[in-house]
Amino acid sequence: AASEVIAMKLIIAGNRHYNARLARVLVKRAITASGWLDAITEIVHGACNVGPKFLPDAPGIDAAAEYMCSNRWPIKRFPANWKPGGPMSPTDHSAGPRRNAEMAAYADALIVIWPGDVKKSPGSFNMKMNAEKRGLPVFEVIHVGQGMPL
């Protein structure tokens, strides 16, 4: 239970395709419903659709976590290094899973907001598996339909 945790570094992860408005609602509801609100000391996310200049309409759960939480908690970003050899180099497809494993090793709990389908959101599924493998508490929100272009 969250009451046993004094300080919590919380990963907020999920699908990058939810539109901005929906993603923010889902993030806010999930934080409240998780029961972890008072324990959170830091928000951790994978920095998907989050760049040096924040775009207010950026889609996805990472961007929503940044937008909704940055005024209240410190944010720790874990961007995946998809192009280790530079912008023209081949994509390193192991970058996302490696980043997810690093986040799971760093943090204390996970909120994952996704469609619940590994084909539509393989990164979210991988993040959930990494968290479970480490024994982190996981609060899962499955949302399909509205706000999803898939």
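I will try to describe carefully the structure that is included in this document.

**Quick notes on the nonpolar core**
Soluble globular proteins tend to bury their nonpolar side chains together.
Item 1. Counting 23 residues, the largest nonpolar core has Leu10, Ile12, Ile31, Ile43 and Ile113 as the members making the most contacts within it.
Item 2. Elements with a minimum of two residues in this core: β1 (8-14), α1 (20-34), β2 (40-45), α2 (61-69) and β4 (109-114).
Item 3. The dominant element in this core, judged by the number of residues it contributes, is α1, at 6 residues.
Item 4. Setting aside anything within four residues of it in sequence, one finds Ile43 in contact with Leu10, Ile12, Ala65, Cys69, Trp73, Pro74, Ile75 and Lys76.
Item 5. By size, the runner-up hydrophobic cluster in this structure holds 13 residues, among which are Ile11, Phe78, Val112 and Trp114.

**Examining the pairing of β2**
Item 1. The buried fraction of β2 amounts to 5 of the 6 residues, a majority that puts the element mostly inside the structure.
Item 2. One ladder, built from 4 bridges, connects β1 with β2; its direction is parallel. Considered in β2, the bridge of Met8 is made with Ile40.
Item 3. Handedness of the β1-α1-β2 crossover: right-handed.
Item 4. Summarising the sheet, β2 and strand β3 (residues 75-77) pair through 3 bridges and their orientation is parallel. Note on β3: the bridge partner recorded for Val44 is Lys76.
Item 5. With α2 bridging β2 and the parallel β3, this β-α-β connection has right-handed handedness.

Parameters and conventions
- Residues numbered from 1 in each chain as written.
- Predicted model: local features only at pLDDT ≥ 70, side-chain atom pairs only at ≥ 80, totals over all residues.
- Heavy atoms only, no water.
- Core = buried A, V, L, I, M, F, W, Y, C linked by side-chain atoms within 4.5 Å.
- Buried < 20%, exposed > 50% of the residue type's maximum accessible area, 1.4 Å probe, protein only.
- Helix = DSSP H or I, 4+ residues; strand = E, 2+ residues; numbered from the N terminus.
- Contact = heavy atoms within 4.5 Å.
- Pairing = 2+ DSSP bridges.
- Right-handed = clockwise from strand over helix to strand, strands pointing away.

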